[in-house]
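Descriptive analysis of the structure
Below are the chains, spelled out letter by letter.
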Amino acid sequence: MPTYEFFCNRCEKAFSAEMHIAEHDRDVPKCPSCHRKDQVEKRLSTFTAVTSHKSA
Ligand SMILES: [Zn+2]
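Residues numbered from 1 in each chain as written. Predicted model: local features only at pLDDT ≥ 70, side-chain atom pairs only at ≥ 80, totals over all residues. Heavy atoms only, no water.

**Some thoughts on the pattern of salt bridges**
Any two side chains of opposite charge can pair, given that their charged atoms come close. Note the threshold: Whenever Lys or Arg places a side-chain nitrogen within 4 Å of a carboxyl oxygen from Asp or Glu, that contact is recorded as a salt bridge. With a 1.4 Å probe rolled over the protein chains alone, any residue whose accessible area is under 20% of its type maximum counts as buried; one over 50% counts as exposed, and the rest are partly exposed.
Applying the stated criterion across every chain, the model contains 4 salt bridges. Between Asp-38 and Arg-36 there is a salt bridge, with the nearest N and O atoms lying 3.0 Å from each other. On the basis of relative accessible area, Arg-36 is assigned to the partly exposed category, the value being 40%. A salt bridge links Glu-41 to Arg-43, with the shortest nitrogen-to-oxygen separation between them at 4.0 Å. Residue Glu-41 is classed as partly exposed on the basis of its relative accessible area of 34%. A cluster of three or more residues bridged by salt bridges with shared partners is formed by Arg-10, Arg-36 and Asp-38.

**Focus on the sheet that holds strand 3 (residues 40–43)**
As a reminder of what qualifies: Strands are treated as partners if at least two bridges between them are detected by DSSP. For helices the rule is a DSSP run of H or I covering at least 4 residues; for strands it is a run of E covering at least 2, with both sets numbered from the N terminus onward. Every axis in this analysis is a line fitted to C-alpha atoms, fitted for helices over the stretch in contact. Angles between the N-to-C directions lie between 0 and 180 degrees.
Spatial ordering of the open sheet is given by 2-1-3, a layout of 3 strands whose pairing is antiparallel. Edge positions in the sheet fall to strand 2 (13–18) and strand 3, since each of these pairs with one other strand and no more. Neighbour-to-neighbour, the strand axes of the sheet open up by a mean angle of 35 degrees, direction not taken into account. Pairing of strand 1 (residues 3–8) with strand 3, which is carried by 4 bridges, proceeds in the antiparallel orientation.

**A closer look at the coordination of the zinc ion**
What counts is decided by this rule: Sites may look incomplete, because water is not among the atoms used; the donor set itself consists of N, O and S atoms within 2.8 Å of the metal (3.2 Å for Na, K and Ca).
Every protein donor of the zinc ion is accounted for by Cys-8 (SG), Cys-11 (SG), Cys-31 (SG) and Cys-34 (SG), and the metal-donor separations fall at 2.2 to 2.3 Å. Written as a sequence motif, the donor arrangement for the zinc ion is C-x2-C-x19-C-x2-C. On the accessibility criterion, Cys-8 (1% relative accessible area) is buried. The partly exposed category is assigned to Cys-11, whose relative accessible area is 25%.

Below you can see the structure in the form of structure tokens.
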């Protein structure tokens, strides 16, 4: 399962979580600090950035 990076605007903290691609498409995980997800946003994974050179 790929690991994605997220950022919680409430805590101003970055964190990472493992989730399926389909799950990542439509949802975000809870922040490990405040346990909310309304302020969590997706960050582009460094893994994807390094290994993929798509022109998307
Ligand atoms: Zn948080």
